[in-house]
Amino acid sequence: QVQLVESGGGLVQAGGSLRLSCAASGRTFSSYAMAWFRQAPGQEREFVGRYSWSGSWSAGSTSYADSVKGRFTISRDNAKNTVYLQMNSLKPEDTAVYYCAATLGGSSSRAGSYDYWGQGTQVTVSS
């Protein structure tokens, strides 16, 4: 079992940067594959990126949605039990509630593959 808490959301100007954090409870954080999703009003959850230590990826592999590739970066700090989402060159269309997710079942871009979810943190990008 793991509990996830997102933080770091807020209001930023287009072109600006923001770093989100996902803090996990317990002492088995390094065993989980982690991912970030987002959901804008009236839309489905959208895959943002993932960070995997196993599965079909080699240890430490990352993968990103085309919409954020080159702008967003996921990193993981096992000492702090925290995964980060660094967001650069933000656009108004990035506005959404951002969620982190975890699974022991292997990294995936599908929301249904993840067993544990944080409460979400709002990111608003103004023009």
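Residues numbered from 1 in each chain as written. Predicted model: local features only at pLDDT ≥ 70, side-chain atom pairs only at ≥ 80, totals over all residues. Heavy atoms only, no water.

## What to know about the overall build of the chain
Note the threshold: Secondary structure counts use DSSP, requiring at least four H or I residues in a row for a helix and at least two E residues in a row for a strand, with both numbered from the N terminus. Note that the radius of gyration is over C-alpha atoms, with the globule rule given as 2.2 Å times the number of residues to the power 0.38. Partly exposed describes any residue whose relative accessible area lies between the buried limit of under 20% and the exposed limit of over 50%, with all areas from a 1.4 Å probe on protein chains only and scaled to the type maximum. Note on contacts: a residue pair qualifies if any of its non-hydrogen atoms lie within 4.5 Å across the two residues. Per-residue accessibility takes into account occlusion by the displayed protein chains alone, with areas from the Shrake-Rupley method and a 1.4 Å probe. Think of it this way: Lys and Arg go in the positive column, Asp and Glu in the negative one, and His and the chain ends go nowhere. Here the site of a charge means NZ on Lys, CZ on Arg, CG on Asp, or CD on Glu.
Assigned secondary structure in the chain consists of 0 helices and 11 strands. Going from the N terminus to the C terminus, the chain shows its helices and strands as β-β-β-β-β-β-β-β-β-β-β. Taken over C-alpha atoms, the radius of gyration comes to 14 Å for the chain, in line with the 14 Å a tight globule of 127 residues would show. Counting across all 127 residues of the chain, residues that qualify as buried make up 46%. For the chain, restricting intrachain contacts to residue pairs at least 6 apart in sequence, the fraction spanning at least 24 positions comes to 58%. Working note: accessible area of the chain is about 6200 Å², and carbon and sulfur atoms make up 46% of it. Positive and negative side-chain charges in the chain, numbering 11 and 8 respectively, have mean positions lying 6 Å apart.

## Considering the pattern of salt bridges
Spelled out, the test is: Salt bridge, as used here: a side-chain nitrogen of Lys or Arg that lies within 4 Å of a carboxyl oxygen of Asp or Glu.
Applying the stated criterion to the full structure yields 4 salt bridges. One salt bridge in this structure joins Arg38 and Asp94, with 2.9 Å as the shortest N-O distance. In this pair, Arg38 sits in strand β4 (residues 33–39) while Asp94 sits in the loop between β8 (82–87) and β9 (96–103), placing the two residues 56 residues apart along the sequence. Its relative accessible area of 1% is what places Asp94 among the buried residues. Across the salt bridge formed by Asp66 and Lys69, the nearest N and O atoms sit 3.3 Å from each other. Here Asp66 matches Lys69 in class, with each residue exposed. One continuous salt-bridge network, built from bridges that share partners, spans Arg38, Glu46, Arg71 and Asp94.

## Observations concerning the sheet that holds strand β1 (residues 4–7)
This is how the line gets drawn: Only strands joined by at least two bridges in the DSSP assignment are considered to pair. Note on definitions: angles span 0 to 180 degrees between N-to-C directions of axes, and those axes are lines fitted to C-alpha atoms, for helices only across the stretch in contact.
Pairing is antiparallel in the open sheet, where 4 strands are placed in the order β1-β3-β8-β7. Edge positions in the sheet fall to β1 and β7 (72–77), since each of these pairs with one other strand and no more. Strand-to-strand, the axes of this sheet are offset by a mean angle of 15°, without reference to chain direction. Of the pairings in the sheet, the one linking β1 to strand β3 (residues 18–24) comprises 4 bridges and is antiparallel in character. For Leu4, the partnering residue across the bridge sits in β3 and is Ala24.

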